[in-house]
2 protein chains.
Amino acid sequence: MYEDVTAIPPDSVGLVTPARLQFTEPLALTSGGVLSSYELVYETYGSLNRNASNAVLVCHALSGSHHIAGYHAPDDAKPGWWEHHVGPGKSLDTTRLFVVACNNLGSCFGSTGPASINPATGRPYGPDFPMITVRDWVESQARLADRLGIDRWLAVIGGSLGGMQALQWAIAYPQRIAHAIIIAAAPKLTAQNIAFNEVARQAILTDPDFHGGRFYDQGTEPRRGLRLARMLGHITYLSDDIMRQKFGRDVRGGKLNFDYQVAFEVESYLRHQADTFVGRFDANTYLLMTKALDYFDPAGETGGDLAAALRGVKADSLVLAFTSDWRFAPARSREIVKALHDNDLNVSYAEITAPHGHDAFLMRIPRYTEILSAYLERALASAA
Amino acid sequence: MYEDVTAIPPDSVGLVTPARLQFTEPLALTSGGVLSSYELVYETYGSLNRNASNAVLVCHALSGSHHIAGYHAPDDAKPGWWEHHVGPGKSLDTTRLFVVACNNLGSCFGSTGPASINPATGRPYGPDFPMITVRDWVESQARLADRLGIDRWLAVIGGSLGGMQALQWAIAYPQRIAHAIIIAAAPKLTAQNIAFNEVARQAILTDPDFHGGRFYDQGTEPRRGLRLARMLGHITYLSDDIMRQKFGRDVRGGKLNFDYQVAFEVESYLRHQADTFVGRFDANTYLLMTKALDYFDPAGETGGDLAAALRGVKADSLVLAFTSDWRFAPARSREIVKALHDNDLNVSYAEITAPHGHDAFLMRIPRYTEILSAYLERALASAA
């Protein structure tokens, strides 16, 4: 047992335990619905300083969770999903920062979501769980901040859908966020982005095991649909180049079989990714997360004028994009940068050369680490 | 009735009737399988001249057919799929050319395919239909040419998977093709291309109504899977730009409903495209066509050296690509051009500015028409 524990690297936050908070004040949602009560599961790393000026919120993307660093058990195969960025001496230095990561409402890793019991019926919400938007998440995160005694975040940070939350924080709570770090994000989805999401949703919705979203009651789940959704997602997370580097046209076993078994390595990869996703992710959550992506469009309320939508923003920003990301290409990040500039805000922008596509935001890339570290270093210095 | 007939435009080939030929000499396939006998359905437009020097073969892509021009009935809603290119006075001028278009083996529009009756069992082939490759198609088309008295094509023309057939003709039958016209094609698929095909296949293969490919016997078909495959296909056929132009983020009915019905116009488009595809296309054919795409790789036999694979080619070539095509981007066409140049062959290349993505090869685009017309004009002149 002790040997297992010592396997945790010294620059890790180590063993962590998720925390849970109950919220009983009803949450009015963008959709018009109301969540009468809910729970949020979260993790924190480091200590909140006396004047609560060192708190950083990390927002997760579609399939992410609150577990961004450390290990839940000594024998965990993998640490949290941002382990290389979060820990003592890392870009999010937990010896100096108080890092908070919260599982989003509607997700399936502990916070209230479609698989949770609906107090009104005593059965899982399923399709009765209300549609949640990025704005709703920020609202729920603000209440979490209240409970944690955090008036103002030193930074709100996120990649992809998480970056949209960071941007929304800057819009919704200008007084409560000093820095927004918006990584591999976009101010809204394109028609093509929405189209990919729609195919993924249709895969789930038309799976006979979906049962209109009430599959929990049937002791089943729409595995086929979720599997397809995940395969498709992975294609859009990777660049064409990294796929070529990783798989090329390599034939599995070196010989074509002329059947519908795996022929090429890339097929094997996709099937494996999909198979491991099913069983650990909820299909209703997948639907809900893709809709939150589709709906995000702060400029929708200002006639398409993003600069106008950002008029109230006060935060300084760091916007990061990755050269090979075609899901949210650098040009999409530059739209955010331009709109921030149009409002005379301090904004740093970096386009990081990386072959990994959209997935780069999850990767250990030296330049990425350097920029994030340097930016947070300055943020801490100016907050001191 | 006469009024209907006069509705057919004068520059159309008019009413056409598909022809059918039975082939009883067994066809040995790349996969090692054998097709003991088969039928090919085809259409011809114009007349073969005395020395049979004016014959042009048009090869179709994944979901295409032999019906490329004219109408099968006076009240047909639409003409053949290349009507704007094929007819009297058009780029493929049927007053001077003898145009042949054949439904590929394994397809579902009349030629022998998975839905045909297997003479060995008296039931539809289904999964027993052998895997067909681009090389096999060219072999079957060569036999059709024999039967039509065509020793040598003035040109073999095709877009996408059809362009691969044109290239394969140049490789396999250097003496039987004067010109190869290779449009929006690639010398082989990338890992990303294969990945998209694999998701489409998995959608079909995992549909409970697929029944291992024997759905004909069950009086059903894998509609859900085929629908998803088609939706996904359409995303890759269109460019991000044309999607933005066509749909933007327009909300259907002007108001978000916060449910899983159609929210954005692009979703409506995809669902409509998918719904009209199902019922007119065979799921086993879809599987087979995507595999033919995946397997095509002439340089696979020359250690990845495309120039070496094209060493025996004698045809002149016209290679066309469309700027916004990301499925088979212009860079992929230029690989073909380079390999042809490396063999000191005459090759013309044009990159046509078009916003439509891969679908551009099916579109009426003035510059495209001009180039095709001029090239075939010269080809005819040099053959005369």
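Residues numbered from 1 in each chain as written. Chains lettered and ligands numbered in written order. Predicted model: local features only at pLDDT ≥ 70, side-chain atom pairs only at ≥ 80, totals over all residues. Heavy atoms only, no water.

Peer 1: Describe the environment of arginine 224 of chain B, listing the residues and the values that go with them.
Peer 2: On the secondary structure map, arginine 224 of chain B appears in helix H5 (residues 223-237). Arginine 224 of chain B sits 54 residues away from valine 278 of chain B along the chain, and the two C-alpha atoms are 8.6 Å apart. When sequence neighbours within four positions are dropped, the list of residues in contact with arginine 224 of chain B reads Thr206 and Pro208 of chain A together with Asp207, Pro208 and Asp209 of chain B. There is a polar contact of 3.0 Å between the side chain of arginine 224 of chain B and the side chain of aspartate 207 of chain B. (Helix = DSSP H or I, 4+ residues; strand = E, 2+ residues; numbered from the N terminus. Contact = heavy atoms within 4.5 Å. Polar contact = N/O pair within 3.5 Å; in protein donor to acceptor, adjacent residues only side chain to side chain.)

Peer 1: How would you explain empty space enclosed by the protein if you had to name every residue and give the values?
Peer 2: Going through the model one piece at a time under the given rule, you end up with 5 cavities of 30 Å³ or more. In this structure, the largest cavity encloses a volume near 100 Å³. Along the walls of the largest cavity sit 14 residues, with Asp207 of chain A together with Ala203, Asp207, Arg224 and Leu228 of chain B positioned nearest its centre. Those elements that provide at least two residues to the lining of the largest cavity are helix H5 (223-237) of chain A together with H5 of chain B. Partitioning the lining of the largest cavity into residue classes produces 6 nonpolar, 4 polar and 4 charged. (1 Å grid on protein atoms, 1.4 Å probe; cavity = no way out; pocket = protein on both sides within 12 Å on 5 of 7 lines; lining within 4 Å. Points joined across faces, edges and corners; volume = space filled by probe spheres on them. Nonpolar A, V, L, I, M, F, W, Y, C, P; charged D, E, K, R; others polar.)

Peer 1: Give me the lowdown on the sheet that holds strand S12 (residues 177-183) of chain A, citing residues and values where you can.
Peer 2: Residues and elements named next belong to chain A. Strand order in the open sheet made by the 8 strands is S1-S4-S8-S5-S11-S12-S13-S14, with mixed pairing throughout. Strand pairing shows two members of the sheet lacking a second neighbour, strand S1 (19-23) and strand S14 (347-352), which therefore form its edges. Neighbouring strand axes in the sheet, compared pairwise and without regard to direction, differ in orientation by 20° on average. Sheet analysis places S12 next to strand S13 (residues 316-322), joined by 5 bridges and oriented parallel. Residue histidine 179 lies in a different strand from S13, and its bridge partner there is aspartate 316. The sheet strands contacting helix H11 (residues 366-383) are strand S11 (153-159), S12, S13 and S14, and the helix crosses S13 at an angle near 175°. (Pairing = 2+ DSSP bridges. Axes fitted to C-alpha atoms, helices over the stretch in contact; angles between N-to-C directions.)

Peer 1: Please give an account of the pattern of salt bridges that cites residues and values.
Peer 2: A full pass over the atoms with the stated rule returns 52 salt bridges over all chains. Note that glutamate 198 of chain A is salt-bridged to arginine 271 of chain B, the shortest N-O span being 2.6 Å. Of the two residues, glutamate 198 of chain A sits in helix H4 (residues 191-205) while arginine 271 of chain B sits in helix H7 (residues 265-277), which places them in two different chains. Assigned by exposure class, glutamate 198 of chain A and arginine 271 of chain B land together as buried. Three or more residues joined by partner-sharing salt bridges are found here, namely Glu198, Arg201, Lys291 and Asp294 of chain A together with Glu267 and Arg271 of chain B. (Salt bridge = Lys/Arg side-chain N within 4 Å of Asp/Glu carboxyl O. Buried < 20%, exposed > 50% of the residue type's maximum accessible area, 1.4 Å probe, protein only.)

Peer 1: Break down the interface of chain B and chain A for me, citing the residues and quoting the values.
Peer 2: Contacts between the two partners involve 53 residues from chain B, matched on the other side by 53 residues from chain A. Taking both partners together, chain B and chain A bury about 4600 Å²; carbon and sulfur atoms supply 68% of that area. Ranking the residues of chain B by area buried against chain A places Arg249, Phe258 and Tyr260 of chain B at the top, with a combined share of 19%. Across the chain B-chain A interface, the total number found is 14 residue pairs in polar contact (both at pLDDT 80 or more). When contributions to the side of chain B that touches chain A are tallied by element, the ones reaching two or more residues are helix H4 (191-205), H5, helix H6 (240-246), H7 and helix H8 (283-295) of chain B. Looking at the side of chain B that touches chain A, the element that brings in the most residues is H4 of chain B, giving 11 residues. Each residue belonging to the side of chain B that touches chain A can be placed in one class, and the counts come to 29 nonpolar, 10 polar and 14 charged. (Buried area = accessible area lost by both parts, 1.4 Å probe.)

Peer 1: Any details on the nonpolar core? Residues and values, ideally.
Peer 2: Grouped together as the largest cluster of nonpolar side chains are 264 residues, with contacts concentrated most on Leu92 of chain A together with Leu92 of chain B. The residues contacting leucine 92 of chain A, other than those within four sequence positions of it, are Val56, Val58, Trp82, His85, Val86, Gly87, Leu97, Val99, Ile157, Leu372 and Leu376 of chain A. (Core = buried A, V, L, I, M, F, W, Y, C linked by side-chain atoms within 4.5 Å.)

Peer 1: Could you give an account of the sheet that holds strand S4 (residues 38-45) of chain B, naming the residues involved and the relevant values?
Peer 2: All names here are of chain B. Taken in spatial order, the 8 strands make up an open sheet running S1-S4-S8-S5-S11-S12-S13-S14, and their pairing is mixed. The sheet is open, and its two borders are formed by strand S1 (19-23) and strand S14 (347-352), each paired with just one other strand. Averaged over all pairs of adjacent strands, the angle between strand axes in this sheet comes to 20°, irrespective of strand direction. Note that S1 and S4 share 5 bridges and pair antiparallel. Within the sheet, the bridge partner assigned to leucine 21 lies in S4 and is leucine 40. This element, helix H11 (residues 366-383), spans strand S11 (153-159), strand S12 (177-183), strand S13 (316-322) and S14 of the sheet and lies at about 175° to S13.

Peer 1: Explain the relation of the copies chain B and chain A residue by residue, including any values.
Peer 2: Of the transformation placing chain B onto chain A, the axial shift is 0.0 Å and the rotation is 180°, giving an RMSD of 0.0 Å. These values place the two chain copies in the arrangement generated by a two-fold rotation axis. Both copies share a contact surface, since 100% of the interface residues of chain B are interface residues in chain A too. (Least-squares fit on C-alpha atoms with pLDDT ≥ 70 in both.)

Interpretation note: all reported values are geometric properties and have no functional meaning in isolation.
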